[in-house]
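As a plain string of letters, each chain reads:
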Amino acid sequence: MSDKDGATLVSELFEQHRLAIFAYIRRLTADTSLAEELTQETFLRVFEARERLKQVTNLRAWVFRVATNTTFSALRRRKFYAWLPWETVERTSVQGQDVAEIVGMEDAIETALANLASRYRAPLLLFSYYGFSVAEVAAILGISEGAVRTRVYRGKEMFQKAYMRGNPR
Amino acid sequence: MKRHCTNERLAVYRGLPPAERLSVDAHLRQCPACTARLAGYERVDQSLHALPDIHLPARLQQPWSRQMAVDHPATPDRRRRNGPGYAVGRVLLPASLVIGLIVGVWLLLASLTGDDNRVAATPTLTLTPTATTAALLHEGASAVSLTGFAPPPLPQAAAVLPPPRPTLIAVYVHPAAALRTP
């Protein structure tokens, strides 16, 4: 693949997937400016690997894999262990019926998702929201299919409990 | 299937392989408990799809060519790291640190040894073709060796010799050896 073809393909990938990748990273990090920065870094990595794109069979899953690795690396690098912004932590610390009334159902869902550890949040998002198969999620996260099933199940259990705390109706 | 479905199976029901899904479906038709658990997991999927939309920030709305041209500060850094200047810097920086450390240690040791070792206090001997060992010893040399000092003699040379240092020689004598008579 010539350099021009590779660059064109990266440009197309950017046009097709930038919103999904930005939203995915935003939901993983709960930080809009960090997600913006990491989205750019993701596509920069894709651009640097443009010579190898021809060998990639599932480009969408591959871009998500790059995004996942970029995000997890950045979070480790920054020692960003607190995944939630303070406002979310404050919200989730308030329990009871008032929470749903204050923040609404959408926010309750977002808060419940933000309560999950990243090891459960990423597979849950990839499988349930972005519609990847178990095998694809395993490839994106670099884990076995059995581990994907376990994490999706535990993620769903945790999500249900967190959601019921925030939105008990 | 008589046994209940595992949670792991029900949680990824949509993504099960066809054969596995058939057996799960057969069990679900006769098991309200597993059906209820499956419904709970599917509600999670529905909830996730109700997540609020996320909009692209203005910077990411620009086409990729603009992103590459304007908005990625990481690229120049990476190029610089691959360049020859970066490689030279990677060698020179540690080397200069090592040299600095050696010079620092040398200066520290020089300051601890006292005034006697200063260069200004070092006696200077003038070697001439007619200089003799006795004359040199008289002028302050601790010892004179002519090994390797062969004719033709140097016309005029100055040598800086270190001053004589007191040397402490410790000799350990075993008690048995001290008692032994010759």
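Relevant structure appears above.
Residue positions are given per chain, counting from 1 as you read along its sequence in written order. Chain letters start at A and ligand numbers start at 1, both assigned in the order the entries are written. The predicted nature of this model means local features are confined to residues of pLDDT at least 70 and side-chain atom pairs, given and counted, to a pLDDT of 80 or more, with totals for whole chains, interfaces and linings taken over all residues. With hydrogens and water set aside, each side-chain value is computed from the structure's full complement of heavy atoms.

Asker: I would appreciate a short explanation of the overall build of chain B in the present structure.
Answerer: Put simply, DSSP marks the helices as runs of H or I at least four residues long and the strands as runs of E at least two long, and each gets a number from the N terminus on. Across its full length, chain B holds nine helices and two strands. The helix and strand sequence of chain B, counted from the amino end, reads α-α-α-α-α-α-α-β-α-β-α. Only protein chains enter the accessibility calculation, which uses a 1.4 Å probe; a residue whose area is less than 20% of its type maximum is buried, one above 50% is exposed, and one in between is partly exposed. Taken over 182 residues, chain B has a buried fraction of 20%. Note on areas: Shrake-Rupley, 1.4 Å probe, and residue coverage restricted to the protein chains presented here. Total accessible area computed for chain B in this model is approximately 13800 Å², and 64% of it derives from carbon and sulfur atoms.

Asker: Mind showing me how you'd approach the overall build of chain A here?
Answerer: In terms of regular secondary structure, chain A is built from eight helices and zero strands. Counted from the first residue to the last, chain A has its helices and strands arranged as α-α-α-α-α-α-α-α. Each of the 169 residues in chain A was classed as buried or not, and the buried ones make up 52%. Total accessible area on chain A stands at roughly 8000 Å², and carbon and sulfur atoms take up 50% of it.

Asker: Please clarify how the nonpolar core should be interpreted in this entry.
Answerer: Residues and elements named next belong to chain A. Formed by 72 residues in total, the largest nonpolar core has its most connected members in Tyr24 and Phe159. Tallying contributions element by element places helix 1 (residues 3-29) first for this core, with ten residues. Those residues within four positions of Tyr24 in sequence are excluded, and the remaining contacts are Phe64, Ala67, Thr68, Ala122, Leu125, Leu126 and Tyr130. Within this scheme, the nonpolar core is defined by two criteria: the residues are buried Ala, Val, Leu, Ile, Met, Phe, Trp, Tyr or Cys, and they are joined through side-chain atoms within 4.5 Å. Contact definition: two residues touch when any of their heavy atoms are within 4.5 Å.

Asker: How do you make sense of the state of the cysteines when you look at a structure like this?
Answerer: Two cysteines whose sulfur atoms are joined by a covalent bond form what is called a disulfide. Residues and elements named next belong to chain B. Note on disulfides: each one is a pair of cysteine sulfur atoms within 2.5 Å. This model, assessed by the stated rule, comprises zero disulfides over all chains. Residue Cys5 stays outside any disulfide, its sulfur separated by 4.5 Å from that of Cys34, the closest cysteine. Between Cys34, a free cysteine, and Cys31, which holds the nearest cysteine sulfur, the sulfur-to-sulfur gap is 3.6 Å.

Asker: Can you help me understand the side chain of Thr39(A) in this one?
Answerer: Along the chain, Thr39(A) falls in helix 2 (residues 32-48). With a relative accessible area of 0%, Thr39(A) lands in the buried category. For Thr39(A), the contacting residues outside a window of four places in its chain are Arg18(A), Ile21(A), Phe22(A), Ile25(A) and Leu60(B).

Asker: What am I meant to see in the interface of chain B and chain A here?
Answerer: Often, the extent of an interface is quoted as the loss of accessible area on bringing the components together. With 37 residues of chain B at the interface, the matching set in chain A holds 41 residues. Using a 1.4 Å probe, buried area is obtained as the accessible area two parts lose upon being combined, added over both of them. Around 3700 Å² of area is buried between chain B and chain A when both sides are counted, 64% of it from carbon and sulfur atoms. Ranking the residues of chain B by area buried against chain A places Leu48(B), Ile54(B) and Trp64(B) at the top, with a combined share of 21%. Polar contacts here mean pairs of N or O atoms no more than 3.5 Å apart (in protein, one a potential hydrogen donor and the other a potential acceptor; neighbouring residues in sequence count only if both atoms are side-chain atoms). Counting across the interface, chain B meets chain A through 15 residue pairs in polar contact (both at pLDDT 80 or more). The element contributing the most residues to the side of chain B that touches chain A is helix 3 (residues 32-49) of chain B, with seven residues. For the side of chain B that touches chain A, the class distribution of residues is 18 nonpolar, eleven polar and eight charged. Gly is put with the polar residues, along with every residue not named as nonpolar or charged; the nonpolar set is Ala, Val, Leu, Ile, Met, Phe, Trp, Tyr, Cys and Pro, and the charged set is Asp, Glu, Lys and Arg.

Asker: Got a minute to help me understand a nonpolar patch on the surface in this structure?
Answerer: On the surface, a nonpolar cluster with roughly 520 Å² of combined accessible area is contributed by Leu101(B), Val105(B), Leu108(B), Leu109(B) and Leu112(B). Taking the relative accessible area as the measure of exposure, Leu101(B) reaches 60% and is therefore exposed. In this analysis, a patch consists of residues with relative accessible area above 30% that form no salt bridge, clustered at 9 Å for like charges and at 5 Å for the nonpolar side chains Val, Leu, Ile, Met, Phe, Trp and Tyr. Salt bridges are defined as contacts in which a side-chain nitrogen from Lys or Arg sits within 4 Å of a carboxyl oxygen from Asp or Glu.

Asker: Which parts of the structure should I look at to understand the pattern of salt bridges?
Answerer: This structure, assessed with the given rule, holds six salt bridges over all chains. The salt bridge involving Glu36(A) is made with Arg59(B); its shortest N-O contact spans 2.8 Å. In this pair, Glu36(A) is assigned in helix 2 and Arg59(B) in helix 4 (residues 58-61), connecting two distinct chains. Judged by its relative accessible area of 15%, Glu36(A) is buried. Measuring nitrogen to oxygen at the nearest pair gives 2.9 Å for the salt bridge that ties Glu20(B) to Arg149(A). Here Glu20(B), found in helix 2 (residues 18-28), pairs with Arg149(A), found in helix 8 (residues 145-166), and the two come from separate chains. As far as the burial class goes, Glu20(B) and Arg149(A) line up, both buried.

All quantities given are derived from atomic positions and should not be read as evidence of function.
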